[in-house]
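So you can see what is in the structure, the chains are spelled out below.
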Amino acid sequence: MLLLVSVATGNAQWSNTTNLFLDSLDMPVVQMVNDQKNPLVFKSEPDGGYFVIWEDNRAGNTDIYAQKYDKNGNRLWAQNGLAVATGTDNQVYSTISNVQSGSYSCRNVSHAATDGSGGFYIAFTTLDHNDVYVQHIKSDGSCAFANEGYPLAVHTASNQPYYALPQLVADGKGGFFIGFYVRNPYNKVYVFCYKDECGTLKSYDFGV
């Protein structure tokens, strides 16, 4: 169970103004079978609401789900969240860095950011492949790209470069900057600027 603290259960609104985090003041974001874990919380622009994103194993493999709340804490999307990225390859953002060392937390790296219009972009990879994907969730909760996300950098053969460790931040103009590394056979870091324009991910610039 994933809980977002400081929210009341009764009317799904923020109500904890005492700075005391009590069980009675929690509000369940999602209550499904199997694990829901690794939550991300960040602000929506320009409406002042909040997104909650998590990895979800309700289907038996890892998918990404999200929920949105307005600035008063009212839930805006379907109960138990909506699917951001689903498929058979295990879509994840929490294992894209140095987890083994114990020094990494998915909440310390920017994987998702507002699109400036009440929606968000998110970057992720898969457990089964070394590829980079992006999804754009609009303000109404609809996906701009396919269920498994937009394949931004995908290797097609074992002898080709592979891509990993994506990080994403908003560019302040309705798009985003994304960085990731490419191994071919040495590590190189790439940064790109993209924006979703009517379902097409348009590139504006890049650097190495």
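For the structure, see preceding data.
Heads up: these notes are all about the structure in this document.

Conventions and cut-offs
Residues numbered from 1 in each chain as written. Predicted model: local features only at pLDDT ≥ 70, side-chain atom pairs only at ≥ 80, totals over all residues. Heavy atoms only, no water. Pairing = 2+ DSSP bridges. Helix = DSSP H or I, 4+ residues; strand = E, 2+ residues; numbered from the N terminus. Axes fitted to C-alpha atoms, helices over the stretch in contact; angles between N-to-C directions. Buried < 20%, exposed > 50% of the residue type's maximum accessible area, 1.4 Å probe, protein only.

Pairing within the open sheet is antiparallel, and its four strands lie in the order β3-β4-β5-β6. Strands with a single pairing partner mark the edges of an open sheet, and in this sheet they are β3 (36-43) and β6 (82-85). Strand after strand, the sheet turns through a mean of 30 degrees between neighbouring axes, direction not considered.

By the bridge criterion, seven bridges tie strand β12 (residues 162-170) to strand β13 (residues 176-183) in an arrangement that is antiparallel. The residue bridging V169 from the neighbouring strand is F177, located in β13. Linking two consecutive strands that pair antiparallel, namely β12 and β13, is a turn of five residues; a positive phi of about 80 degrees is found at G172 within it.

Relative to the assigned elements, T95 resides in the loop between β7 (91-92) and β8 (112-114). The exposure class of T95 is partly exposed, given its relative accessible area of 41%. Along the backbone, T95 and L165 are 70 residues apart, and their C-alpha atoms lie at a distance of 8.6 Å.

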